4 protein chains.
Amino acid sequence: MNQQPVSSALLVSQDANALAERFRGVRARTEAICAPLETEDYVVQPIIDVSPPKWHLAHTSWFFENFLLSELQPGYERFHPLYAYLFNSYYILSGKFHPRVDRGNLSRPTVADVYRYREHVTDRVLDLLASADEATIARAAEIITLGLNHEEQHQELLLTDIKYILSSNPLESVFKARDIAPAQPPPPLGWLDFAGGIAEAGYVKHDDGFCFDNELPRHRVLLNDYRIATRLVTNGEYVAFMADGGYERPELWLSDGWATVQSEGWRSPLYWENRDGDWHSFTLAGVRKVDANEPVVHVSHYEADAYARWAGKRLPSEFEWEHAAESLPVAGNLYESGIYHPAPATADGPAQFYGDVWEWTQSAYLPYPGFKPLPGAVGEYNGKFMSSQMVLRGGSCATPAKHVRASYRNFFQPFHRWQFMGLRLAEDA
Amino acid sequence: MNQQPVSSALLVSQDANALAERFRGVRARTEAICAPLETEDYVVQPIIDVSPPKWHLAHTSWFFENFLLSELQPGYERFHPLYAYLFNSYYILSGKFHPRVDRGNLSRPTVADVYRYREHVTDRVLDLLASADEATIARAAEIITLGLNHEEQHQELLLTDIKYILSSNPLESVFKARDIAPAQPPPPLGWLDFAGGIAEAGYVKHDDGFCFDNELPRHRVLLNDYRIATRLVTNGEYVAFMADGGYERPELWLSDGWATVQSEGWRSPLYWENRDGDWHSFTLAGVRKVDANEPVVHVSHYEADAYARWAGKRLPSEFEWEHAAESLPVAGNLYESGIYHPAPATADGPAQFYGDVWEWTQSAYLPYPGFKPLPGAVGEYNGKFMSSQMVLRGGSCATPAKHVRASYRNFFQPFHRWQFMGLRLAEDA
Amino acid sequence: MNQQPVSSALLVSQDANALAERFRGVRARTEAICAPLETEDYVVQPIIDVSPPKWHLAHTSWFFENFLLSELQPGYERFHPLYAYLFNSYYILSGKFHPRVDRGNLSRPTVADVYRYREHVTDRVLDLLASADEATIARAAEIITLGLNHEEQHQELLLTDIKYILSSNPLESVFKARDIAPAQPPPPLGWLDFAGGIAEAGYVKHDDGFCFDNELPRHRVLLNDYRIATRLVTNGEYVAFMADGGYERPELWLSDGWATVQSEGWRSPLYWENRDGDWHSFTLAGVRKVDANEPVVHVSHYEADAYARWAGKRLPSEFEWEHAAESLPVAGNLYESGIYHPAPATADGPAQFYGDVWEWTQSAYLPYPGFKPLPGAVGEYNGKFMSSQMVLRGGSCATPAKHVRASYRNFFQPFHRWQFMGLRLAEDA
Amino acid sequence: MNQQPVSSALLVSQDANALAERFRGVRARTEAICAPLETEDYVVQPIIDVSPPKWHLAHTSWFFENFLLSELQPGYERFHPLYAYLFNSYYILSGKFHPRVDRGNLSRPTVADVYRYREHVTDRVLDLLASADEATIARAAEIITLGLNHEEQHQELLLTDIKYILSSNPLESVFKARDIAPAQPPPPLGWLDFAGGIAEAGYVKHDDGFCFDNELPRHRVLLNDYRIATRLVTNGEYVAFMADGGYERPELWLSDGWATVQSEGWRSPLYWENRDGDWHSFTLAGVRKVDANEPVVHVSHYEADAYARWAGKRLPSEFEWEHAAESLPVAGNLYESGIYHPAPATADGPAQFYGDVWEWTQSAYLPYPGFKPLPGAVGEYNGKFMSSQMVLRGGSCATPAKHVRASYRNFFQPFHRWQFMGLRLAEDA
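Residues numbered from 1 in each chain as written. Chains lettered and ligands numbered in written order. Predicted model: local features only at pLDDT ≥ 70, side-chain atom pairs only at ≥ 80, totals over all residues. Heavy atoms only, no water.

Participant: Mind showing me how you'd approach the overall build of chain A here?
Facilitator: When its secondary structure is counted, chain A shows nine helices and twelve strands. The C-alpha radius of gyration computed for chain A amounts to 22 Å, which stays within 12% of the reference 22 Å derived for 429 residues, consistent with globular compactness. In terms of overall dimensions, chain A has a C-alpha envelope of 65 × 55 × 40 Å along the principal axes. A total of 429 residues make up chain A; the buried ones form 63% of that total. If you take every contact in chain A between residues at least 6 apart in sequence, the share linking residues at least 24 apart comes to 81%. Total accessible area on chain A is roughly 15200 Å²; 50% of this is exposed by carbon and sulfur atoms. Both charge centroids of chain A, one from 38 positive and one from 55 negative side chains, sit 2 Å from each other. (Helix = DSSP H or I, 4+ residues; strand = E, 2+ residues; numbered from the N terminus. Rg over C-alpha atoms; globule rule 2.2 N^0.38 Å. Buried < 20%, exposed > 50% of the residue type's maximum accessible area, 1.4 Å probe, protein only. Contact = heavy atoms within 4.5 Å. Areas by Shrake-Rupley, 256 points an atom, 1.4 Å probe, with all protein chains shown as cover. Lys, Arg positive; Asp, Glu negative; His and termini not counted. Charge placed at Lys NZ, Arg CZ, Asp CG, Glu CD.)

Participant: How should the sheet that holds strand β1 (residues 191–194) of chain B be read in this particular structure?
Facilitator: Sheets are built from strands paired through backbone hydrogen bonds, the pairs being either parallel or antiparallel. Residues and elements named next belong to chain B. In spatial order, the strands read β1-β4-β12; together these three strands make up an open sheet with antiparallel pairing. At either end of the open sheet lies a strand with only one pairing partner, and these are β1 and β12 (426–428). Averaged over all pairs of adjacent strands, the angle between their axes in this sheet comes to 20°, without regard to strand direction. Here strand β4 (residues 226–229) pairs with β12 via three bridges, running antiparallel. In the sheet register, Ile228 faces β12, and the bridge partner there is Ala426. The sheet strands contacting helix α9 (residues 318–325) are β1, β4 and β12, and the helix crosses β4 at an angle near 75°. (Pairing = 2+ DSSP bridges. Axes fitted to C-alpha atoms, helices over the stretch in contact; angles between N-to-C directions.)

Participant: Help me understand the sheet that holds strand β10 (residues 410–412) of chain A, please; the structure alone is not making it clear to me.
Facilitator: Residue and element names in this part refer to chain A. Strand order in the open sheet formed by four strands is β10-β9-β8-β11, with mixed pairing between adjacent strands. The open sheet has two edge strands, β10 and β11 (421–422), and neither has a second partner. Relative to β10, strand β9 (residues 390–393) is paired through three bridges, and the arrangement is antiparallel. The residue of β10 that forms the bridge with Val391 is Phe411.

Participant: It is not clear to me how the interface of chain C and chain A should be interpreted in this structure. Could you clarify?
Facilitator: The figure often quoted for interface size is the accessible area lost as the parts come together. Taken together, the contacts link 29 residues of chain C with 29 residues of chain A. In total, chain C and chain A occlude about 2400 Å² of area from one another, counting both sides; carbon and sulfur atoms represent 60% of this. If you sort the residues of chain C by the area they bury against chain A, Glu40, Arg108 and Leu171 of chain C come out on top, with a joint share of 29%. Taken together, the connections running from chain C to chain A amount to two salt bridges. The salt bridge involving Asp41 of chain A is made with Arg108 of chain C; its shortest N-O contact spans 2.6 Å. (Buried area = accessible area lost by both parts, 1.4 Å probe. Salt bridge = Lys/Arg side-chain N within 4 Å of Asp/Glu carboxyl O.)

Participant: What's the story with the pattern of salt bridges in this structure? I'm lost.
Facilitator: Opposite charge on two side chains allows them to pair when their charged atoms are near. Residue and element names in this part refer to chain A. All told, the structure shown has 132 salt bridges over all chains when counted by the stated rule. With a shortest N-O distance of 2.6 Å, Arg227 and Glu427 are connected by a salt bridge. Residue Arg227 is located in strand β4 (residues 226–229), and its partner Glu427 is located in strand β12 (residues 426–428); the two are separated by 200 residues in the primary sequence. Overall, the relative accessible area of 15% leaves Glu427 in the buried class.

Participant: Help me out: how do you make sense of the relation of the copies chain D and chain C in this one?
Facilitator: The relation between the two chain copies is a rotation about an axis coupled with a shift along that axis. Once turned by 180° and shifted 0.0 Å along the axis, chain D lies on chain C with an RMSD of 0.0 Å. On this basis, the relationship between the two copies can be described by a two-fold rotation axis. For chain D, the minimum C-alpha distance to the rotation axis belongs to Ser388 of chain D and amounts to 2.3 Å. (Least-squares fit on C-alpha atoms with pLDDT ≥ 70 in both.)

Participant: In this structure, what is going on with the state of the cysteines? I would like to understand it.
Facilitator: By definition, a disulfide is the covalent link that joins the sulfur atoms of two cysteine residues. With the rule as written, the count across this model stands at zero disulfides over all chains. Summary of cysteine pairing: Cys397 of chain A is not part of a disulfide, and the nearest cysteine sulfur, belonging to Cys34 of chain A, is at 17 Å. (Disulfide = S-S within 2.5 Å.)

Participant: Even after reading the chapter, I still don't get helix α6 (residues 235–243) of chain A, so can you show me in this structure?
Facilitator: One turn of the α-helix equals 3.6 residues, which is why residues spaced by three or four share an orientation. Residues and elements named next belong to chain A. Those residues of α6 that sit buried are Asn235, Tyr238, Phe241 and Met242. In a view along the axis of α6, the buried residues occupy a sector of 110°, so they form one face of it. Looking at the packing, one finds that the buried side of α6 touches β5 (272–275), β6 (278–283) and α8 (301–310). (Arc of directions from axis to C-beta.)

Participant: Is there a simple way to think about the packing of helix α6 (residues 235–243) of chain B against helix α8 (residues 301–310) of chain B in this case?
Facilitator: Think of two packed helices as two axes; the pair is described by the angle between the axes and how far apart they sit. All names here are of chain B. The interhelical angle for the contact between α6 and α8, taken along N-to-C directions, is 80°, at an axis separation of 11 Å. In terms of axis orientation, α6 runs roughly perpendicular to α8. Here Glu237, Tyr238, Ala240 and Phe241 of α6 lie close against α8, whose contacting residues are Glu303, Ala306, Tyr307 and Trp310. Per-class residue counts for the contact of α6 with α8 are six nonpolar, no polar and two charged. (Parallel < 35°, antiparallel > 145°, perpendicular 65-115°, else oblique. Nonpolar A, V, L, I, M, F, W, Y, C, P; charged D, E, K, R; others polar.)

Participant: What is the right way to read unusual backbone geometry from this model?
Facilitator: With the exception of glycine, most residues fall at negative phi, and the peptide bonds are largely trans. Residues and elements named next belong to chain C. Note that the residue after Leu216, namely Pro217, is joined by a cis bond; omega there is -5°. Topologically, Pro217 is positioned in the loop between β2 (197–201) and β3 (219–223). The phi torsion at Ser388 lies on the positive side, around 65°, for a residue other than glycine. In this structure, Ser388 sits in the loop between β8 (358–364) and β9 (390–393). Ser388 gets classed as partly exposed once you look at its relative accessible area, which sits at 22%.

Participant: Can you help me understand the nonpolar core in this one?
Facilitator: Soluble globular proteins tend to pack their nonpolar side chains together in the buried interior. In terms of nonpolar packing, the biggest core is built from 513 residues, with Ile144 of chain A, Ile144 of chain B, Ile144 of chain C together with Ile144 of chain D touching the most fellow members. Sequence-distant contacts of Ile144 of chain C, that is, excluding residues within four places in its chain, are made with Leu19, Phe23, Phe64, Leu68, Val125 and Leu129 of chain C. (Core = buried A, V, L, I, M, F, W, Y, C linked by side-chain atoms within 4.5 Å.)

Participant: Explain the interface of chain D and chain C to me, please; I cannot follow it from the model alone.
Facilitator: Chain D puts 29 residues into the contact, and the matching count from chain C is 29 residues. The junction of chain D with chain C conceals about 2300 Å² of combined surface from both sides, 61% of it contributed by carbon and sulfur atoms. The tally of links from chain D across to chain C stands at zero salt bridges. Mapped by element, the contributors of at least two residues to the side of chain D that touches chain C are β3 (219–223), α7 (255–264) and β8 (358–364) of chain D. Residues belonging to the side of chain D that touches chain C are distributed by class as follows: 17 nonpolar, seven polar and five charged.

Dropping the structure here:
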């Protein structure tokens, strides 16, 4: 999840007070997410994709230090001369950085050091907003808005990485306990019909909105008549696929997917474990029996694609999804619900487009016609990843509500599973 | 390159004699390609992608034995009970197969054995065509046509694999010597302008034509106004990119591409070597000084994409390419030229669309709307590879002329270089 | 370093009070070693050989829980049902254990949990000693003595692992600051002459002594006339080897050593870095300029062997070393010096046999004639590692003084460098 | 198997005619071994340890070209300027060489080319012997004798590598058919008792004998009273170990051995396969049912060691073996028997010390006291491998009779199995 705004397309709020308030809020939320953690939980990196929480805390601060304070604050001295090396993620044009694979090998800076770093950066940014001239504020507003959207992405990553960290441990710790009432079965799967023709896709510019550069430019796309499912695929439906030999039938799989099933020994979604005949899964509320009514989550693109083939359907394209979703309100089981786990659909009609799980599409992540990355190092945010990745849409139970929109493009390589990833079916009309 | 016809869309010649003649011709050409080889050249596999020539000879025979003779010839007994295991490539539904990585570890069957196998299969197919009833001939015609197109693909692979095998050896053998007159500079790069709108792409069905299933269905696509270069990018132009730090500037590269440049140490196209200040390259006619006038070849998608970014342009989409090419005659420096090396453009106007090099596009290899693979094991020919690969268009100096057409989709992972791969620029109008 | 006593050969103190006191002391020392650490330092595992300090703390407690409390304390309930899985190192007969490679991926149990576990085990062992009958005490004394020697080994590993952890971090933290007076040059290298003949090697049993099973049985060995250097090889001498192309001359190296030099890019001992022309090294007191007078440390067996060949000498056999050392007092720069770094020799005559650095010998780690491992899981302590490892002798600056003796056999694979490893020369008389 | 003579210790026959005759004979035998091969069999390298037969043919010629003709033949021009690069094995001081892992990727030079190379070298060596002066002959005799012993080692490697090549192929080719009469059970295992004391080991210099440098100097060793088995361990005995859970009981194994059993999935010796409940093995005469009376072969040091532990015995040291063997005639089932497979013991008393299988010892391969490698590149023959390898003694069914002797030290890493390797038990008296 590596995304970025096109500043030239951005009409940010230039009201410094409002910006400062939003800044304070996002920064505080990052820290609130980490509140239940033990110091040790901040340090480890069980797989290369999962970064230590303290790294996320520092990296999101480095982002403001590097792109904002060092640029716009005259005489700004970096908090520590080596933090740029340690906490740059992949911005080659911003200088050398510590190898990703070694993030979990660093005991220092300590968690307390990192929190001091955060506080320092937060204070300096607020200082800047309180004292800079109007032109600087205007430029700062762009970078801050980008930085806050960046930080919201890392809020989601914090939750998915914490989940992976706690799950990689036989002690099965609970991140956040909750009471879980037995869910009602979701409504039967229905279909939403859309007529084909030329539609538009991509972000619509308007006052004080924000988007990443990969959502631009708004452009025309050609759709055929299609239908898209009213709700997500459930665990119950996915178990039927498994029971029907889903993981043993090569004809259902893409070649790379089948090779991965073999090499990784996949027989179920990530985090699932069969205990005495019942499927259980690790959640941020601990290990629970798999609920047939909930959307299936933690499946790769390969599994989503195989499931759809087994069901006689297909995944939607990213434009079919966007076309279906753009008139719907951005509401659902998002970060603010505080559940951090997908929940069953509850009503007929279009459901779960936003929140619950990121929905794999059949679209490769590629530039829109006329796509232009930002100049400079922030131009590395999105564009350079447009190779061998697939688009996901709609946000998840770990996505802040204000962060997502119809045009939002998330993207991952097709083998990943540790994000809150699931699927919705589509078919030709 | 793994492709297949949609039988239901196929109107094959049911004239058994004509079919037999074409069959004899294609089979003979495969053997003619191998004529210059020493026995030892048939055996080795220097990298996993490059198969031993004797494997190609046997695999293309197995294809007919497995999908035709075993299906349509009553009482057909396979030439050898283990050849299906040894020479099936990746058709999981046709049974277990020998690991690809070990193809070069098999000394037996010998080359002579493999030629006996070929002869046996060729004779049995001709027997079938000479004696079967009309309905059988009709079904046979479909499979044989598929098998011959399959064999033509392997003819190209034979040439590229032989090139790799001979190049992986300090003895620098010559496959086929030829006199090479100094080339004239190509005409300056011009641009062909196309107006946007709804166009059609994909194979147009007509009598006795053939296409692979991935070219279907013919469907509508939306194009924006665009321009496409009249000719391919040359070695001279590519050397300018190299001289301008092309391989040292991360901002020009996709992230995966840059990682590959670093891990593989790429500093030039495959087969290039700097000898005393002059670039040389290995060709099927031996090591030669790189000719600035010839099209650049043996570049990955990453390199093609970086070059285009450096040049301020982009790669065409596969539909832009097809739209530009479909009115042009299928002619150029193809297999029949006997050169097996790209040649300079010689005239103004649209040039080199067919032959010389496969042209990387910016399109991921994905199913067309409504795509349906064939039933059964041949359904594995194309569809299962629609993940993490990029489309190439236009055929190369190693492609038989009758094999290629405007709608033809070749595909490879973006890091491959050993095929005759190059590029043509495009831009938004 | 995996070693164990032969209980049948062991005459342990059966005075429960004395034993309790020694037990308390060793346990407390382990914790004292860790006192300077930050919580985060306890967690990471930068390479597979280096275990997280909290793992050492827990593993040395598991040892007593598993081999003592569970065996001799009726009704003993384990502190946590999963700790045996998490903190067993390699005792297959004691049940399954967590993969070594993943020790640094565990955030839980926390450091505080581990200290509670230690306290629990310490208290229960003391309870046992305070209340058990004589026969139980006698058996407990054997296991406790083994466990304390085991814990002393882990005290040394804690120091070497902490060194590696802090060094693997650009922040260059100081574990324990100290003032370092400029060292005086050591005396010139002298030689100690020994006449050949039949000697004895191995531990001499006596009252209340302890040894590991691999030091037994005491047995006869045949020595030729030999000479052994009075002191260790110094940094200054080693730099002369480097300056003479030591790392570029294959004829000086064992084949495996040369391959390692190439693949690892070794050009100096571990922890050395050339800064502006001067060699510096990371120490537990921070980064310091390499002192020519100090013994060279953190060299592999390959480097020790290559140095000796370059010097026209050889490494001593383990029996030559033992024969030379057994009449010397066990004294020197050991753990109790508090320096945790090798120090220059200061006087003529035999020097540095104990402490400073473990000395590589030319002897493979193999069983003595008549060697018998202990029955049961503790039999895995030493014997199963008698393959492809080399013997080191003499203890280091991180070895507790009471832990080492003339017959003590340490052993590591020849490529390791992270222990305090150095060398002393020998030659035929 | 990398071994070399100490020229200074060598009193070679200086009778040029006799030498020429022996030279012709050894060279011809190498070619005779390869006579049953198909051209393709000469080319492949299924694992890195197994070299293509044509590589052996060329490498043994390069040895004479490099160390003899280039040194002693004035104006000698190498057969091909690149063959030194292609066919040097590991003599770093003789210049760069082609990576071992790529030997099987070279289709050229062809087999015919290699035979021409052999003939050329053979002729030039014979020319030299026919025309050189006495001093040159004397020096040549040393090098030729070394070269012939080197070539005899490669004769054994040719047989073991051919076996591996043919076995790595489902077609199960027969190298040399033979009639196999059902074997009689061997005599019961008896024991030979030897009194301890100081013995001598190593080669005894005498006229016109030859040894490798690693057999020198003859030196004193100390033996304890010991017993050594009269014959080798049989398949029947080994199957009893397997049936008793030999491959499932970690307590029987060295740690490295157990790790290898797990990672490689070993459940039997190499080449064994259970078909319908009966163990079969691949031999140079084809796949045969395992004969309980034959010596077990193709076991690693780990397996030999585990078997001995299971049997309550141990492996002999190399000096125990040599002491037991040195009074026995060098006779047995060696290369000249033409069977290329171990045969059952037939009589009471000391049996199978020479031939059948190389016998793993418990001795690490280390230098004898006072060992000195030859000067120059031939000094790389043996000495540089004295790390992490184990000694084997006695020769095998693929060893030429004149090649082996009591002092002969073969050596391999403990995990290897593809040589004819087995074991004989020993125990303390």
